[in-house]
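# Chain and residue survey
Chain by chain, the residues run as shown.
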Amino acid sequence: MNIIKYILLALFLWSFPTFALFAFGSSTGSTLSYLSFILLFSYYFLVKKNKPPFAFVILGLLYFCLSGMVNILAVEYYIMDFLKYFVLIICGAELVRNSTNQEFFLILLIGALSVLANALYFQEFSGGRYSGFYLNPNAAGFICICGYCMGYNIENKYFKLIGQFIFVFAGILTLSRTFIILWISVTIIAAFLNKKNVLTIGLGIGAIVVILSVSVVLKLDTVRFAAFEGLLENKVDSNTITEDSRNETWSLYTDVLLDGVLFGHGYRALHGKEFDNVGVDVGVHNTYLMILGEAGIIPFLVIIFIYLRLFFTSITKHIKTHPEYSLLSFVLIIFLLTSHNYFDNFTLLTVTIWLYLRVYEKKNIQENKVLSDFELT
């Protein structure tokens, strides 16, 4: 059973079916995607069952029902997204319940190592921003910051520090603005919680020094890397930092959002490209606005309530013993401001369910013994 668990964790936390689609062709990628959900469904019936995370069941029902009643641009996508979402939420909950913190951390770490492999051996496919299994640098940056947060409560200190160094190093290689902002924020918060965590600042400085030393070999994107260097020297290139910024993208949808506040414009209407039916084809790049614009204000309020409650509960109940919950919930709230792929982002959903169950159902979780380095000072 453990072998099946590890295979499933790898498939969803590495976004491997999507990677296979790019690396081996559409037939392989599609087959692997279907097999991953069939395997997850089978796993569910072989293990002890608990209550599903009802908050996400309700959110999914509201989104799919309300957006579907307004408009469905592609019925086949709608049906598949609906089925996959609920299989992952219900069946995937048992998968993460039965996974220890160290197992989750290790799988994420291997995902981050794929970014390093991309930078060292497959530079021609990336244009100077590396993403490994995840194909998208922002998605890879998300994995790196999640692993970095989880590392704050790993029992083995050497494993923790080496892992966090790799997450920082790989995250910088993505040149994701979101990763860099979140990494700096999380590191400052962690150091504030406990002075012992100032050591992670040293890890970051070490990662930056190594990257600066080998930047020519890594062939990093010259424009973004120059902006990163300028940031270190307190010479911020505002044009690069703000170019194609998310707030500019959100502003394009102002009228669209105001016109569909109650019930939205329908399934995937704000995803852009081939699904665009509102006259803006770039995609809204904001999960909260995506839900508001596609399904209306009710599911919009529900998702805000879920994540804010998750954040405040992790602070009030777990900050001394599991501060990584607070750090990770903070990361999730901010990351959702930058991405409109939510109900079909299975890596994001897997991490979210992992956190949700640990915050609210700790007694049901198979968890390794944790020796926390955190204490409020």
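My aim in this report is to walk through the structure given alongside it, one point at a time. (Residues numbered from 1 in each chain as written. Predicted model: local features only at pLDDT ≥ 70, side-chain atom pairs only at ≥ 80, totals over all residues. Heavy atoms only, no water.)

### Focus: helix α8 (residues 157-173)
With 17 residues, α8 should cover 24 Å at 1.5 Å per step; its first-to-last C-alpha distance of 24 Å lies within 8% of that length. If you check which residues of α8 are buried, you get Lys160, Gly163, Gln164, Ile166, Phe167, Val168, Phe169, Ala170, Gly171, Ile172 and Leu173. Sitting at the amino-terminal end of α8 is Asn156, which places a side-chain oxygen 3.0 Å from the backbone nitrogen of Tyr158. Phi turns positive, to about 50 degrees, at Leu175, one or two residues after α8. (Helix = DSSP H or I, 4+ residues; strand = E, 2+ residues; numbered from the N terminus. Expected span 1.5 Å × (residues − 1). Buried < 20%, exposed > 50% of the residue type's maximum accessible area, 1.4 Å probe, protein only. Polar contact = N/O pair within 3.5 Å; in protein donor to acceptor, adjacent residues only side chain to side chain.)

### Some words on the pattern of salt bridges
Following the criterion strictly, the structure yields 5 salt bridges and no others. Two residues, Lys5 and Glu103, come together in a salt bridge whose shortest N-O distance is 3.1 Å. Of this pair, Lys5 sits in helix α1 (residues 2-13) while Glu103 is found in helix α6 (residues 101-121), placing the two residues 98 residues apart along the sequence. By relative accessible area, which is 16% here, Glu103 ends up buried. Ionic pairing is found between Glu361 and Arg97, a salt bridge with its closest N-O pair at 2.7 Å. With Glu361 in the segment after α18 (346-360) and Arg97 in helix α5 (residues 75-97), this pair connects stretches of sequence that are 264 residues apart. Of the two residues examined, Glu361 and Arg97, each falls in the buried class. (Salt bridge = Lys/Arg side-chain N within 4 Å of Asp/Glu carboxyl O.)

### Thoughts on the packing of aromatic side chains
Overall, the coordinates contain 34 aromatic pairs when judged by the stated rule. Ring geometry for Phe12 versus Phe37: centroids 5.3 Å apart, planes at 80 degrees, classification edge-to-face. Taken together, the positions of Phe12 in helix α1 and Phe37 in helix α3 (residues 26-46) put the pair 25 residues apart, joining distant regions of the chain. Using a relative accessible area of 4% as the deciding quantity, one classes Phe12 as buried. For Phe37, a relative accessible area of 8% puts it in the buried group. Judged by centre distance (5.5 Å) and plane angle (80 degrees), the ring pair of Phe16 and Phe133 falls under edge-to-face. Of this pair, Phe16 sits in helix α2 (residues 16-24) while Phe133 sits in the loop between α6 and α7 (137-150), and the two are 117 residues apart along the sequence. (Phe/Tyr/Trp six-rings, centres within 6.5 Å; stacked < 30°, edge-to-face > 60°.)

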